[in-house]
Structure formats: C-alpha cells, structure tokens
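Descriptive analysis of the structure
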Amino acid sequence: MLLRFASSGLSAMTTHFDERGPCAVIDSREDVPLRLAGHDGDKEGNGPGGGSKYDTGTVTKTRPKTKRPSLYRVLLLNDDYTPMEFVVLVLQDVFNKSREEAMRIMLHVHNQGVGECGIFPFEVAETKVTRVMDTARKNQHPLQCVMEKE
Ligand code: TYC
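Let me sum up the structure you'll find in this document. Not measured: the values here are computed from a predicted model.

Quick word on the packing of helix H1 (residues 84-95) against helix H3 (residues 122-138)
Contact pair H1 / H3: the axes reach a minimum separation of 11 Å and the direction vectors enclose 145 degrees. For H1 against H3, the interelement crossing comes out right-handed. Residue-level contacts link Phe86, Val90, Asp93, Val94 and Phe95 of H1 to Lys128, Arg131, Val132, Thr135 and Ala136 of H3. A breakdown of the residues in the contact of H1 with H3 according to their chemical character gives six nonpolar, one polar and three charged.

As for the environment of cysteine 145
Tracing the backbone shows cysteine 145 in strand S8 (residues 144-149). The spatial distance from the C-alpha of cysteine 145 to the C-alpha of glycine 115 is 9.8 Å, given a sequence separation of 30 residues. For cysteine 145, the contacting residues outside a window of four places in its chain are Val74, Leu75, Leu76, Val129, Val132 and Met133.

A word on the side chain of aspartate 79
Within the secondary structure, aspartate 79 sits in the loop between strand S6 (71-77) and H1. Here aspartate 79 is buried and forms no salt bridge, its nearest opposite-charge partner arginine 137 lying at an N-O distance of 13 Å. Only 2.7 Å separates the side chain of aspartate 79 from the backbone nitrogen of tyrosine 81, close enough to count as a polar contact. Polar side-chain contacts of aspartate 79 include one of 2.6 Å to the backbone nitrogen of threonine 82. Look past the residues within four positions of aspartate 79 in its chain and what remains in contact with it is Pro142 and Leu143.

Side note on unusual backbone geometry
Phi at asparagine 96 takes a positive value of approximately 55 degrees, unusual for a residue other than glycine. Summarising the element assignment, asparagine 96 is placed in the loop between H1 and helix H2 (99-112). Among the residues examined, asparagine 96 registers a relative accessible area of 63% and is labelled exposed. In this structure, glutamine 140 is a non-glycine residue whose phi angle is positive, near 55 degrees. Along the polypeptide, glutamine 140 turns up in the loop between H3 and S8.

Structural notes on the site of the ligand
Looking at the ligand, the residues that line it are Leu76, Leu77, Asn78, Asp79, Thr82, Met84, Val87, Met106, Val109, His110 and Leu143. Within the backbone of threonine 82, one N or O atom sits 2.8 Å away from a nitrogen atom of the ligand. Surface burial for the ligand is 90%, taken as the share of its 350 Å² of free accessible area covered by protein chains. Put simply, the parts of the chain that give the shell around the ligand at least two residues each are S6, H1 and H2. Ranked by the residues each element gives to the shell around the ligand, the list is headed by H2, at three residues. Of the residues in the shell around the ligand, the class split is seven nonpolar, three polar and one charged.

Conventions and cut-offs
- Residues numbered from 1 in each chain as written.
- Predicted model: local features only at pLDDT ≥ 70, side-chain atom pairs only at ≥ 80, totals over all residues.
- Heavy atoms only, no water.
- Axes fitted to C-alpha atoms, helices over the stretch in contact; angles between N-to-C directions.
- Helix = DSSP H or I, 4+ residues; strand = E, 2+ residues; numbered from the N terminus.
- Left-handed = near helix turned anticlockwise from the far one by under 90°.
- Contact = heavy atoms within 4.5 Å.
- Nonpolar A, V, L, I, M, F, W, Y, C, P; charged D, E, K, R; others polar.
- Buried < 20%, exposed > 50% of the residue type's maximum accessible area, 1.4 Å probe, protein only.
- Lys, Arg positive; Asp, Glu negative; His and termini not counted.
- Salt bridge = Lys/Arg side-chain N within 4 Å of Asp/Glu carboxyl O.
- Polar contact = N/O pair within 3.5 Å; in protein donor to acceptor, adjacent residues only side chain to side chain.
- Near = heavy atom within 4 Å.
- Areas by Shrake-Rupley, 256 points an atom, 1.4 Å probe, with all protein chains shown as cover.

Here it is, written out as structure tokens:
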C-alpha cells in the first residue's frame, strides 16, 4: 500500500524535512519498516529513503510476509469388506457431508477404488484421517483413509 499524507493535521505522525520542505510522513505508531518509494539505493550510496534526487516524497509500507498453509487432500480407499452404510456414516460424521453427498462419494470410491473426501490444512486433514482410521479399527473394518499434498 502506498501512503502519501500532507504534513499538517496528523499529530500521531512524524514528518521528514529536506531542502524542499516536508517530504514524507511516517506512521510512528506501527512497527513496520517504511521507505521512500521509487528508488532502492544505488552505487553512489543513496540508500532507500536516503534523500537522493530520485525521492518522490512518497512512503511505502512493507507488509509482514504471510504464507498460506499448504493444503492436503483426504482420500478414502475401497476395500471388499467395509459395509457401504459404515462408509456413508463416516463421511457424514467426519467430513460433515449430507446423506446424499456421502452416498455419492462412497459409490465413487466403491466403483473407482479411491475418492476425495475434502481438502484441508495439514493438521485438519491429519485429524480427519486419524478419526476415520480409529473408527474403522474400533469397528473391525479394514477401511483405509490417507492424505496427500494437494
Ligand atoms: N466396497 C465396499 C463394499 O462393497 C464398500 C466400500 C466403499 C468400502 C467405500 C470402502 O471406502 C470404501 N462393501
């Protein structure tokens, strides 16, 4: 985001002056690095915000870097023994699917061998896989659930 403010009437800000008068206003309330736009320094030693002839009097605000979490696809695998109804109930319970959607996914897995239950951040995917596997083991079904990086 580009910040450009007049120097008057902004009491919470500090104003930088050079030979041309007020040229930059810095928000002193935030711990965010600020630099003058339009020039990142050069071999003459005019660093960012250093007051070279390239100064535009505009301040840029560097955003803290944010990373989106990696996503993981949770897959259900077919087998010959787990009852269809059990798979449908697991899809409804663990993946919050409607009865109709759960039935559709179960039949897809039954016919194709594998099917997607959802895509989630790592820890959510891991928890769902664990819930499916624990429920299957407790009920002595060989149902398998895995996750893969999207
Ligand atoms: N193939 C199983 C059956 O015929 C049903 C089933 C569907 C099992 C999906 C696992 O992930 C699965 N009883």
